[in-house]
Amino acid sequence: MRVALVADVHGNLQALSVVLERLEVEGVDRLVCLGDVVGYGGDPEACLALLRERADLCVRGNHDAAAVDPRIRRGFNVVARAAIEEHAAWLEADALAFLAGLPQVDGLAEDGGLFLTHGTPGERRRFTYLVTALQAGDALDAFDERFGAVGHTHVPAVFEADAGPAGARERNVVTDGPAARDGERILEVGPGRRAILNPGSVGQPRDGDPRAACMVLDTAAGRAALLRLAYDVAGAQAAIRRRGLPEVLAARLAFGR
Ligand code: ZN
């Protein structure tokens, strides 16, 4: 089964459109959304409408939660809070109800299974950045499926489990594996091994590469492809400015930070 992993769209319609177009060409069996459809960007309503139509599954991100629960916004920095307050005001009641109903975790059963959550597997109602191999080792013990997928950091990563029960090592998704095509990196997960994948961010990459990021995971073959796709950054910046969101949210898109 070929599964598209899409995370942290953050209201960036220009980036999401390019990603969905490419996934159409790739011909995936499922599209899963790893949370944070809203927050930061200029088109949260359109992004949410598109993903409600196209995604088979979607889990709750911290910005999705903050759109419907003002208490969560208190933990946000001033720029993130300003944006999510605007988004909450723009979204229709039906869209807000959809966000309120998103699950913390979800999954697919085929080919050994795929576990989905926004932050870190095993946590309850919190959103922790999964960034170290040590964390990944514990996280891999928190679910039984062969694969896990997360978002939240806006940085692509693959954590592959070594033979030991709690051992995990980080694979560098930027340099590991051959470049099959422009903007694509392939990672093989060995037979009998497990992995947690972070596809990076569609709408606000933070790894210094401004291109939209997503992954296509072939669960049967144990192969993950990281795609980096150029999109209309200027259009996304214009949308942020047109709607009066903080300027820094537009500026950072040019740098992928
Ligand atoms: Zn995010």
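This section reports on the structure supplied with the text. (Residues numbered from 1 in each chain as written. Predicted model: local features only at pLDDT ≥ 70, side-chain atom pairs only at ≥ 80, totals over all residues. Heavy atoms only, no water.)

Our next topic: the overall build of the chain. The secondary structure content of the chain amounts to 9 helices and 12 strands. A globule of 257 residues ought to have a C-alpha radius of gyration of about 18 Å, and the chain, at 17 Å, matches this closely. On the principal axes, the C-alpha backbone points of the chain span a range of 50 × 40 × 30 Å. Every one of the 257 residues in the chain was classed for burial, and the buried ones make up 55%. Partitioning the intrachain contacts of the chain with sequence separation of at least 6 by distance along the chain shows that 72% fall at a separation of at least 24. Summing over all exposed atoms, the chain offers an accessible surface of approximately 10,500 Å²; the carbon and sulfur share of this is 51%. When the 29 basic and 36 acidic side-chain charges of the chain are each reduced to a single mean position, those positions are 4 Å apart. (Helix = DSSP H or I, 4+ residues; strand = E, 2+ residues; numbered from the N terminus. Rg over C-alpha atoms; globule rule 2.2 N^0.38 Å. Buried < 20%, exposed > 50% of the residue type's maximum accessible area, 1.4 Å probe, protein only. Contact = heavy atoms within 4.5 Å. Areas by Shrake-Rupley, 256 points an atom, 1.4 Å probe, with all protein chains shown as cover. Lys, Arg positive; Asp, Glu negative; His and termini not counted. Charge placed at Lys NZ, Arg CZ, Asp CG, Glu CD.)

Before going further, it helps to spend a moment on the nonpolar core. Residues Val19, Leu23, Leu31, Val37 and Leu51 are the most contacted members of the largest nonpolar core, which totals 42 residues. The greatest single-element share of this core, amounting to 5 residues, is contributed by helix 1 (residues 13–26). If we skip the residues at most four places from it in the chain, Leu31 touches Ala4, Val6, Leu20, Leu23, Leu51, Arg54, Ala55, Asp56 and Leu57. Core analysis: the next-biggest nonpolar cluster, separate from the first, contains 24 residues, Val3, Leu116, Ala149 and Leu217 among them. (Core = buried A, V, L, I, M, F, W, Y, C linked by side-chain atoms within 4.5 Å.)

All right, on to the sheet that holds strand 11 (residues 212–218) then. Here 6 strands make up an open sheet; going across it, the order is 3-2-1-11-12-9 and the pairing mixed. Bordering the open sheet on either side are strand 3 (57–58) and strand 9 (184–188), each of which pairs with just one other strand. For strand 1 (residues 2–6) and strand 11, the ladder comprises 4 bridges, and the chain directions are antiparallel. Paired with Leu5 across the bridge in strand 11 is Met215. Contacts from helix 1 reach strand 1, strand 2 (30–33), strand 9, strand 11 and strand 12 (223–229) within the one sheet, and its direction differs from that of strand 11 by about 25 degrees. (Pairing = 2+ DSSP bridges. Axes fitted to C-alpha atoms, helices over the stretch in contact; angles between N-to-C directions.)

Next up on the list: helix 1. Within an α-helix, residues lying three or four positions from one another point in the same direction, as the helix has 3.6 residues per turn. With 14 residues, helix 1 should reach 20 Å at 1.5 Å per residue; the first-to-last C-alpha distance of 20 Å fits that figure. The complete set of buried residues in helix 1 reads Gln14, Ala15, Leu16, Val19, Leu20, Arg22, Leu23 and Glu26. One side-chain oxygen at the N-terminal end of helix 1 lies 3.3 Å from the backbone nitrogen of Gln14; it belongs to Asn12. After helix 1 finishes, the residue Gly27 shows a positive phi value of roughly 70 degrees. (Expected span 1.5 Å × (residues − 1). Polar contact = N/O pair within 3.5 Å; in protein donor to acceptor, adjacent residues only side chain to side chain.)

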